[in-house]
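# Structural features, examined
Given next are the chains, with one letter for each unit.
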Amino acid sequence: MNFELTEERQMLQDGLRRFLRETYTPSLRAELAEADFGFSRDVWNGLAEMGVIGALFSEDDGGFAGGGFDISLVFEELGRVGAVDPLLDTAILGGGLIAALGNEDQKQLMEAVIAGSTQLAFAHAEPSSRYDMSLVETTATRDGDGYVLNGRKAVVVNAPAADHVLISARTAGADADRNGISLFLVPAGIDGMTLRSYPLVSGGQAAEILLEDVRLGAGARLGPEGGAYDAIAEFNARATLAICAEALGLMESIRELTTDYLKTRKQFGKSIGKFQALQHRMADVLIEIEQARSAVINLAGHLDSAAETRDTHVSATKNLIGNAAKLVAEESIQMHGGIGMTEEYELGHLAKRLIMVDHRFGDAIYHLERFVALAVA
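Residues numbered from 1 in each chain as written. Predicted model: local features only at pLDDT ≥ 70, side-chain atom pairs only at ≥ 80, totals over all residues. Heavy atoms only, no water.

## What to know about unusual backbone geometry
Despite not being glycine, Val155 has its phi angle at roughly 45°, a positive value. Assignment of secondary structure puts Val155 in strand 3 (residues 146-157). The phi torsion at Asn158 lies on the positive side, around 75°, for a residue other than glycine. Structurally, Asn158 can be placed in the loop between strand 3 and strand 4 (164-170). Residue classification places Asn158 among the buried positions, given a relative accessible area of 4%. (Helix = DSSP H or I, 4+ residues; strand = E, 2+ residues; numbered from the N terminus. Buried < 20%, exposed > 50% of the residue type's maximum accessible area, 1.4 Å probe, protein only.)

## With respect to the packing of helix 10 (residues 307-336) against helix 12 (residues 364-376)
Their axes nearest at 8 Å, the elements helix 10 and helix 12 cross at an angle of 150°. Relative to helix 12, helix 10 is oriented so that their crossing is left-handed. Each of Glu308, Asp311, Thr312, Val314, Ser315, Ala316, Lys318, Asn319, Gly322 and Asn323 in helix 10 lies in contact with helix 12, whose residues at this interface are Ala364, His367, Leu368, Arg370, Phe371 and Leu374. When its residues are assigned to classes, the contact of helix 10 with helix 12 shows six nonpolar, six polar and four charged. (Axes fitted to C-alpha atoms, helices over the stretch in contact; angles between N-to-C directions. Left-handed = near helix turned anticlockwise from the far one by under 90°. Contact = heavy atoms within 4.5 Å. Nonpolar A, V, L, I, M, F, W, Y, C, P; charged D, E, K, R; others polar.)

## Details of a nonpolar patch on the surface
Side chains of Leu368, Phe371, Val372 and Val376 sit close together on the surface and give an oily, nonpolar patch of about 360 Å² of accessible area. Here Phe371 shows up in helix 12. On the basis of relative accessibility, which here comes to 32%, the residue Phe371 falls in the partly exposed class. (Patch = residues over 30% accessible without salt bridge, like charges linked within 9 Å, V, L, I, M, F, W, Y side chains within 5 Å. Areas by Shrake-Rupley, 256 points an atom, 1.4 Å probe, with all protein chains shown as cover. Salt bridge = Lys/Arg side-chain N within 4 Å of Asp/Glu carboxyl O.)

Here it is in structure tokens:
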């Protein structure tokens, strides 16, 4: 198998890496803590102008790529600098679901998404759902030609900045049934929708959403009534690939920081990187990162496989990434000592973002159990 990037992907990687390294300066990181929505509009506009958002969509959807390896390339580069821009939520989840399920009128929003002028959020998780994608208690009740939404959504990333929120709600079936889940495209600020916003540990913002008699017209529903689960599962898989690739980029940068520190920090008259015990620990870190890279490549290659095969590779990769991320973060901070815990040093932000990867789209334990269940099914 040829693992070399195509000419187009190589150009995208080179340009994106250069842009992010020049943009994500220490001063920008300080500004992001005070930014209205936790990310820089200037950086977001720059990503759009470079065509990075368009690289996450197929030509049929108004982009120019959209494959698994395009997603992994973009998000690995974002991970290298610890970027907090909401590409995953606006493009992969929100934009992807609109492209897959939307009608012609709804798909007109795609042009604004790819141009960077519209933000999206995907409100699917609920306080009691944990990582179960089929557990939806929010209801959508028929009201003439429209619907009335009632329920709660939890940890809706990018909701404070979103112009539209995609909300899953049950139109039929029991709370845990896969059938009966519908999707709705809801404009921000609609009557009856209340957001409680808060900053995330790893950067950016999220919100808890309360829906109280939110009235929607017939044109708000995405796709067939009660038939949204398969699309939600598909784009959850694509989002999992994205966050795993981001974790890979984070681990690479953490490794580089730690290696440089071991070369410059001196103890007993020589750099601590010459101590055999630390060399062995760095070797373990390198092995884990290489295994993580292989897993991400494997998932990118199986992203368009049949659902059961795809989901098996999703769980295998997410489990491995979760365990590797924990080891890399802990080892790097221990080898740095106290400086690795400070806000001023880049490692602190990268490590926090890396650890939080395990808490989106299912942690390592959840995916181990899911992998076993899929393997014996």
